[in-house]
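Next come the chains, spelled out residue by residue.
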Amino acid sequence: MRKIFFLLLFVFMPFLLFGQNATEIVRKANDLVMGKTSQGINKMKVVRPDWSREVTMKVWSKGTDYYMILITAPAREKGQVFLKRKNELWNWMPSIGRMIKIPPSMMMQSWMGSDFTNDDLLKESSIVNDYVHKIIGSEVVDGYDCYKIELTPKPNAAVVWGKILMWVSKKEYYELKIEFYDETGALINMQLGSEIKKMGGRTLPTKLIMIPMDKKGNKTILELIDVVFDKPIPNSFFSQQNMKRLR
Amino acid sequence: MRIKIVLLFITVFTLSAKAQLSPFDYGGYAKYLFSSTRFPGTTERYSDHLIHLRLNTKWYATDALTAALELRFRGYYGETVENTKHFIDLIKTPRDWVNLDAVLWNKKKTVGYLEVDRFWLDWVKNDFELTLGRQRIAWGTALVWNPTDLFNPLNVLDFDYEELPAVDAVRAQYYTGPVTKVDLAFKPAREKRNVILAGLWSINAFDYDFNLIAGMRDERWIFGGSWAGDILTGGFRGEVTVSEAPNRDYTNLVYEALGESSLSSFDKPLVAVALSGDYTFPGSFYIHTELLYNNNGKTKNTFLFYKEATSLGMLSAARWSIYQEFSYDITPLTRGSLFGIFNPDDKSYVIVPFVTYSVATNWDLLLIAQIFEGDPLTEFGEFGTSFYLRLKYSF
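Quick summary incoming for the structure in this document.

For the rest of this paragraph, the subject is the overall build of chain A. On a plain count of helices and strands, chain A comes out with three helices and 13 strands. The long-range share in chain A, meaning contacts at least 24 apart out of those at least 6 apart in sequence, stands at 44%.

Structural data, given as structure tokens:
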């Protein structure tokens, strides 16, 4: 009996370790770009075959629970602020002096016409906590030796994707490629990380390109212009009072 | 080690240098609006042109003190101007305290009007905020009708005034938490009847925002509450107000001839309820329904009570109003919308289809129609049909 137990343990050990490892790798990759806190300037460019538009924003974050985004360009959107606290989201519209509570059904909408959803930017779901992770191989991406990791949603997680595949560099934990699949297993979006640079005291991919697979010539480029990691931000920073004062 | 410190110093220094923001900020837009209107009972269409300019300026005097000045200019030219008696009175913003506006010209076919639309000073100390001047105090949670917006009720059909009206007031806010506050505001006026004093207390629980309000408006007590949250991920909001019975001995010859009693003579407390629900489907299709109920609202001859309703702080003279909207992003640059407001009692309605198109960065095109239908003297029967085309440049 004992023998069988040890045999079983021996057989399953690598899987247990692998499972543990995979989650740890995703967590490290996620922590690299998120930090405990971050504050920075992002530029988002929506590219379509015959036009493109740019949005510039300042972003403050603390874990996945607290987010604040201030739009600084274009002129029409300038001054708008989004606040996320846990499950709730508000939008401050300074031109009409109005605080609007945003219902969750708006979260899955594209963010200002881009290929990112509100959810992608405001991290409603967490790639660390809402998925089960499994290493399914090793591949080289852009010259970096990467773990290929499969993410499947946990039973009750409120997530959009049916499956995610992630390529994370083994040494540096760069998220170099992510593939998003729907419930039927069709590849919907591909995200590529590039422009690996030192910024905010870390070396990380500073350019993310989101490509919807079914639309040729469409993509959204998210560029990190400036970032500071792990500078303490009190929870009270993420408040409606502060939303009105950001600039 | 030393090198690291030096590097760190340089990093911090450059970051803080980047963080230096100008104490002045400005923005605004220039719009050109073409309109073509046909009033009921007439055969000709009137064509009009409007140049609408806005300049917003802000001065961040210190960390605690901010000042804002926003100017709005409208220059009209056209046939409605020519054929409407005292056209200027229709576009002038009535103020109860100081005007801060100027009629730059007033000719047969053209009018130019400049006004100070916002002008406030804001002072913050810890959780306390004091705002003085022409400002917008928006307490409502619903998206079309806001009975709890006691200070600056708005007109949903005035699509060309995106900023919505402001009010001259003193406002003190104390933030009791990250998303909750106590808000007190006072609007002085030359006429006692136009003075408003009111407070709001907001809390957040079960992922809902709740507000309670109490105040004095139109020399009558008013109490109310509102909420904003979601049901099955769709937005769910509502507002309720109850105000003292106006009980005023008022009538006029028209009311008497029609056998109607005035809204002001209503001898029971006034109740207004707004309910709002919306849902965004994957793929950007958006649906929004809103209801407004006034217990003293009229079920016929509603058109005649419009002005009186406004003076009582009612958002409509009708007993029931139903708003329905559908929107869809035809492309990321083009949004198509259709909304209607229906009066179920007199069967009159307005239907507003519109399309917005982002021509280029900062350039937006709007095509909109307002189709009013109804019998004479119904809520929407007297306004005809208008088509508009607008080009907007934002800076």
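On a plain count of helices and strands, chain B comes out with five helices and 19 strands. What you see for chain B is a C-alpha radius of gyration of 24 Å, in line with the 21 Å of a compact globule of 395 residues. For the C-alpha atoms alone, the extent of chain B along its principal axes is close to 90 × 50 × 45 Å. The long-range fraction of contacts in chain B, counting pairs at least 24 apart against all pairs at least 6 apart in sequence, stands at 51%.

This part takes up unusual backbone geometry. Here the residue pair A:Ala73 and A:Pro74 is connected by a cis peptide bond, since its omega of 5° sits within 30 degrees of zero. Turning to its location among the elements, A:Pro74 is positioned in the loop between β3 (66-73) and β4 (81-85). Residue B:Thr233 is not a glycine yet carries a positive backbone phi of 70°. Checked against the element boundaries, B:Thr233 lands in the loop between β11 (220-231) and β12 (234-243). On the neighbour-count criterion, B:Thr233 (14 C-beta atoms within 10 Å) is partly exposed. Here the phi dihedral of B:Asn362 falls at roughly 75°; this positive angle occurs in a residue that is not glycine. Relative to the helices and strands, B:Asn362 resides in the loop between β17 (349-360) and β18 (363-373). For B:Asn362, a count of 16 C-beta atoms within 10 Å corresponds to the partly exposed category.

Residue and element names in this part refer to chain B. Two strands pair when backbone bridges link them, and strand β8 (residues 180-187) and strand β9 (residues 196-205) are joined in this way by six bridges, in the antiparallel orientation. Along β9, the bridge assignment pairs Leu184 with Gly199. In terms of strand pairing, β9 meets strand β10 (residues 208-217) through 10 bridges, oriented antiparallel. Bridging from a neighbouring strand, Asn204 pairs with Asp209 of β10. Linking two consecutive strands that pair antiparallel, namely β9 and β10, is a turn of two residues; a positive phi of about 55° is found at Phe206 within it.

Facing 37 residues of chain B, the contacting portion of chain A comprises 31 residues. Only α1 (2-19), β6 (128-135), β11, β12 and β13 (270-280) of chain B provide two or more residues apiece to the side of chain B that touches chain A. For the side of chain B that touches chain A, the residue count by class is 15 nonpolar, 11 polar and 11 charged.

A word on the environment of B:Arg95. Secondary-structure assignment places B:Arg95 in the loop between α3 (87-91) and β4 (101-106). Along the primary structure B:Arg95 and B:Ser276 are separated by 181 residues, whereas in three dimensions their C-alpha atoms are 30 Å apart.

This part is about the pairing of strand β14 (residues 286-294) of chain B. Residue and element names in this part refer to chain B. In this sheet, β14 lies alongside β13 in antiparallel orientation, the contact comprising nine bridges. Across the sheet, the residue bridging to Tyr279 is Ile287, located in β14. The pairing of β14 with strand β15 (residues 320-331) spans eight bridges and is antiparallel. The residue bridging Tyr286 from the neighbouring strand is Ser327, located in β15.

A few words on the nonpolar core. In terms of nonpolar packing, the biggest core is built from 26 residues, with A:Met68, A:Ile69, A:Leu70, A:Val81, A:Phe82, A:Leu83 and A:Met243 touching the most fellow members. Breaking this core down by element, the ones donating at least two residues are β1 (37-48), β2 (51-62), β3, β4, β5 (88-93), β12 (202-212) and β13 (219-229) of chain A. Counting residues per element, this core draws most heavily on β3(A), at five residues. Discounting residues that sit within four places of it in the chain, A:Phe82 has contacts with A:Ile69, A:Leu89 and A:Asn91. Core analysis: the second largest hydrophobic core is formed by 23 residues, B:Leu143, B:Phe305, B:Ala317 and B:Phe342 among them.

Calculation rules
Residues numbered from 1 in each chain as written. Chains lettered and ligands numbered in written order. Predicted model: local features only at pLDDT ≥ 70, side-chain atom pairs only at ≥ 80, totals over all residues. Helix = DSSP H or I, 4+ residues; strand = E, 2+ residues; numbered from the N terminus. Contact = placed C-beta atoms within 7 Å. Rg over C-alpha atoms; globule rule 2.2 N^0.38 Å. Buried ≥ 20, exposed ≤ 12 C-beta atoms within 10 Å, placed from the backbone. Pairing = 2+ DSSP bridges. Nonpolar A, V, L, I, M, F, W, Y, C, P; charged D, E, K, R; others polar. Core = buried A, V, L, I, M, F, W, Y, C linked by C-beta atoms within 7 Å.

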